[in-house]
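Results of the structural survey
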Amino acid sequence: MTLSLDRSAKISVFVSAFAYTALTFGALTTPTAAEARSDAPYYTAELAQPAAERTTVAGGVAWTCADTSCVARKGTSRPVRICRDLKRDLGEVKAFTAKGEELDADKLAKCNG
């Protein structure tokens with residue numbers, strides 16, 4: 001027994017398969033809302049003294065500073081570690097925020113310790 005489809009059925013199967021592939025590929029490659037906001041800083045830091053340089057790399061991330069305020073995108077280390085590296089390069093850190101959450105006093109003391 002041989003199964004066979006007429007020409008219009010074959011075309012409709014092909015068109016359906018192509019449409020499904022295009023839709024799923026488009027859904028997989030469309031940026032999410034989080035990726036669309038990738039320009040927003042992940043880390044913010046307030047320094048005790050103005051930064052000597054406008055840009056620096058500390059903790060494996062590129063920091064951009066204006067006066068005593070510095071911002072950076074997300075890195076791969078823990079926030080306290082990144083804060084400590086920033087302190088080593090730019091001096092005392094008065095406040096440090098990662099993903100909108102400020103370091104508590106104990107962690108900020110470890111950062112500056």
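Everything here concerns the structure above.
Description of the structure in this document. Just so you know, these numbers come straight off a predicted model, no measurement behind them. Each chain has its residues counted from 1, running along the sequence as written. The predicted nature of this model means local features are confined to residues of pLDDT at least 70 and side-chain atom pairs, given and counted, to a pLDDT of 80 or more, with totals for whole chains, interfaces and linings taken over all residues. Based on all heavy atoms of the structure, the side-chain values leave hydrogens and waters out of the count.

**What to know about the environment of Ala51**
- Only DSSP runs of H or I covering at least 4 residues are called helices, and only runs of E covering at least 2 are called strands; the numbering of each starts at the N terminus. Within the secondary structure, Ala51 sits in the loop between β1 (43-47) and β2 (55-58).
- In sequence terms Ala51 and Thr64 are 13 residues apart; their C-alpha atoms lie 9.6 Å from each other.
- Contacts between residues were defined by any pair of non-hydrogen atoms, one from each residue, lying within 4.5 Å. Filtering out sequence-adjacent residues up to four positions away, Ala51 remains in contact with Cys65, Asp67 and Leu90.

**Observations concerning the pairing of β1**
- The classification of residues rests on relative accessible area computed with a 1.4 Å probe and restricted to protein chains. Under 20% of the type maximum is buried, over 50% is exposed, and intermediate values are partly exposed. Only one face of β1 is buried: it carries Tyr43, Ala45 and Leu47, and the other face, with Thr44 and Glu46, is open.
- For two strands to count as paired, DSSP must find a minimum of two bridges between them. Where β1 and strand β4 (residues 69-72) come together, four bridges link them in antiparallel fashion. Within the sheet, the bridge partner assigned to Glu46 lies in β4 and is Ser69.
- In terms of strand pairing, β1 meets strand β5 (residues 93-98) through five bridges, oriented antiparallel. When the bridges of β5 are listed, Tyr43 appears paired with Ala98.

**Re the state of the cysteines**
- Any cysteine sulfur atom paired with another within 2.5 Å is treated as part of a disulfide. Within the structure shown, the criterion is met by two disulfides.
- Across a sulfur-sulfur distance of 2.1 Å, Cys65 and Cys70 are joined as a disulfide pair. An S-S torsion of about 110° defines the bridge between Cys65 and Cys70 as right-handed.
- Disulfide pairing is shown between Cys83 and Cys111; the S-S distance is 1.9 Å. On the sign convention where negative means left-handed, the S-S torsion of about -80° between Cys83 and Cys111 marks this disulfide as left-handed. Placement of the pair is Cys83 in helix α3 (residues 79-90) and Cys111 in helix α4 (residues 105-112), with a sequence separation of 28 residues. Neither Cys83 nor Cys111 differs from the other in exposure class; each is buried.
- When the cysteines of the protein that form disulfides are numbered from the N-terminus onward, they connect as 1-2, 3-4.

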